[in-house]
Amino acid sequence: MGKPLVAVFSGAGMSTDSGIPDYRGPQGLWRREPDAEKLVTYEYYMADPEIRRRSWLMRAELAALGARPNAAHLAVAALERGGTPVRVITQNVDGLHQLAGTPARKVFELHGTARSVVCTDCHARSGMDEALARVAAGEPDPACRACGGILKAATVMFGQRLDPVVLGQAMAVAKGCQVFIAVGSTLQVQPAASLAGMAAEAGARLIIVNAEETPYDSLADEVVREPIGTALPALLTRIAAG
């Protein structure tokens, strides 16, 4: 009998040990600075150059953190490397799963990536590093070099739809996996959060690793409240051992 397909669904809590703040936790960015939500809301971003200027500064601050994969990211990559079929579905835009060594083709980024920028007019893509270099050189709101359109991070902002292809792939994984681990997510943002229920309904073993309660705890086979950096590696070691 082959090893079970393990789906790891990661939220902001997965990356807090890497120095990236979460959004909705007790110390989350939205609770500390509610106005910050405007910086990642499409309607405000497109309408207001000042919001765009602040959004680019926020991106620069996050990039300056030089976030590296933490023990949880590395444990997921190690599980995959050890021969267990793994698929990662992530709400995060930091690219840390790939930096940790999980193959990019096995990572489904529901909310896009902050490592690239995209033109809202011609859809040309380029690197975030290049855009931030332009900001540092004195361009507060860099425009697309190809067409002059407004640039934004290649992330899904509030008010934008998820990429239907990526969402469809994630749904297929949720329905086809034998183990679904939701880690570091409040499981409140839809439709992403519904993947946990979808997996449980399809017969997967649902494990939730999160400091706070989630709406899906009652469906879970196991709920872990321990710190993610130690709890997830231990859990994945157990799964790898069968």
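First things first, this report covers the structure right here in the doc. (Residues numbered from 1 in each chain as written. Predicted model: local features only at pLDDT ≥ 70, side-chain atom pairs only at ≥ 80, totals over all residues. Heavy atoms only, no water.)

1. With respect to the overall build of the protein chain
Working step 1: Each helix and strand counted, the protein chain has 9 helices and 9 strands in total.
Working step 2: Against the 2.2 N^0.38 benchmark of 18 Å for 242 residues, the protein chain shows a C-alpha radius of gyration of 18 Å, consistent with a compact globule.
Working step 3: Overall size of the protein chain, expressed as C-alpha extent along the three principal axes, is 55 × 35 × 30 Å.
Working step 4: Buried residues in the protein chain amount to 50% of all 242 residues.
Working step 5: A separation threshold of at least 6 residues defines the contact pool for the protein chain, and within that pool the share at least 24 residues apart is 63%.
Working step 6: When the accessible surface of the protein chain is totalled, it reaches about 11400 Å², and 53% of it is carbon and sulfur. (Helix = DSSP H or I, 4+ residues; strand = E, 2+ residues; numbered from the N terminus. Rg over C-alpha atoms; globule rule 2.2 N^0.38 Å. Buried < 20%, exposed > 50% of the residue type's maximum accessible area, 1.4 Å probe, protein only. Contact = heavy atoms within 4.5 Å. Areas by Shrake-Rupley, 256 points an atom, 1.4 Å probe, with all protein chains shown as cover.)

2. Thoughts on the sheet that holds strand β5 (residues 125–127)
Working step 1: Here we have 3 strands laid out as an open sheet, ordered β5-β4-β6, and antiparallel in their pairing. Each edge of the open sheet carries a strand with a single partner, namely β5 and β6 (151–155). Within the sheet, the average angular offset between the axes of one strand and its neighbour, ignoring direction, is 45°.
Working step 2: As defined by bridge partners, strand β4 (residues 112–119) adjoins β6 across 4 bridges and the pair is classed as antiparallel. Its bridge partner lying in β6, cysteine 119 is registered against leucine 151.
Working step 3: Helix α3 (residues 49–64) rests against β4 and β6 of the sheet, and its axis sits at about 50° to β6. (Pairing = 2+ DSSP bridges. Axes fitted to C-alpha atoms, helices over the stretch in contact; angles between N-to-C directions.)

3. Things to note about the side chain of lysine 152
Working step 1: Checked against the element boundaries, lysine 152 lands in strand β6.
Working step 2: Buried and without a salt bridge, lysine 152 has aspartate 163 as its closest oppositely charged side chain, separated by 11 Å.
Working step 3: Only 3.3 Å separates the side chain of lysine 152 from the side chain of glutamine 160, close enough to count as a polar contact.
Working step 4: Those residues in contact with lysine 152, other than ones at most four positions away along the chain, are Tyr42, Tyr45, Trp56, Val117, Val118, Thr120, Met157 and Gln160. (Lys, Arg positive; Asp, Glu negative; His and termini not counted. Salt bridge = Lys/Arg side-chain N within 4 Å of Asp/Glu carboxyl O. Polar contact = N/O pair within 3.5 Å; in protein donor to acceptor, adjacent residues only side chain to side chain.)

4. A closer look at the pairing of strand β7 (residues 179–183)
Working step 1: For β7, the buried fraction is high: 5 of the 5 residues fall into the buried class.
Working step 2: Burial along β7 is two-sided: the face carrying Val179, Ile181 and Val183 and the face carrying Phe180 and Ala182 are both buried.
Working step 3: In terms of strand pairing, β7 meets strand β8 (residues 205–209) through 5 bridges, oriented parallel. Considered in β8, the bridge of valine 179 is made with arginine 205.
Working step 4: Following the chain from β7 across helix α8 (residues 194–201) to the adjacent parallel β8, one finds a crossover that is right-handed. (Right-handed = clockwise from strand over helix to strand, strands pointing away.)

5. Brief notes about the sheet that holds β7
Working step 1: Taken in spatial order, the 6 strands make up an open sheet running β3-β2-β1-β7-β8-β9, and their pairing is parallel. At either margin of the open sheet sits one strand with a lone partner, and together these are β3 (107–109) and β9 (222–224). Across the sheet, the mean angle from the axis of one strand to that of its neighbour is 15°, orientation sign disregarded.
Working step 2: Here β8 pairs with β9 via 3 bridges, running parallel. If you follow valine 209 over to β9, its bridge partner there is valine 224.
Working step 3: Along the sheet, helix α7 (residues 164–176) contacts β1 (6–10), β2 (86–90), β3 and β7; its crossing angle with β3, the most-contacted strand, is approximately 130°.
Working step 4: Packing against the sheet, α8 makes contact with β1, β2, β7 and β8, and its axis sits at approximately 155° to β7.

6. Let's talk about unusual backbone geometry
Glycine aside, negative phi is the norm for most residues, and most peptide bonds take the trans geometry.
Working step 1: For the peptide bond that leads from glutamine 190 to proline 191, omega is 5°, which places it in the cis range.
Working step 2: In this structure, proline 191 sits in the loop between β7 and α8.
Working step 3: Of note, the phi angle at histidine 123 is positive, near 65°, even though the residue is not glycine.
Working step 4: Locating histidine 123 in the fold gives a position in the loop between β4 and β5.
Working step 5: The exposure class assigned to histidine 123 is exposed, which follows from its relative accessible area of 56%.

7. Details of helix α4 (residues 71–81)
Given 3.6 residues per turn, any residue in an α-helix points the same way as the ones three and four places further on.
Working step 1: For α4, the complete set of buried residues consists of Ala72, His73, Ala75, Val76, Ala77, Leu79 and Glu80.
Working step 2: Looking at the buried side of α4, the elements it contacts are β1, β2, α5 (96–100) and α9 (228–241).
Working step 3: The opening residue of α4, the one whose side-chain oxygen lies 2.8 Å from the backbone nitrogen of alanine 72, is asparagine 70.
Working step 4: Count one or two residues on from α4 and you reach glycine 83, which has phi positive near 105°.

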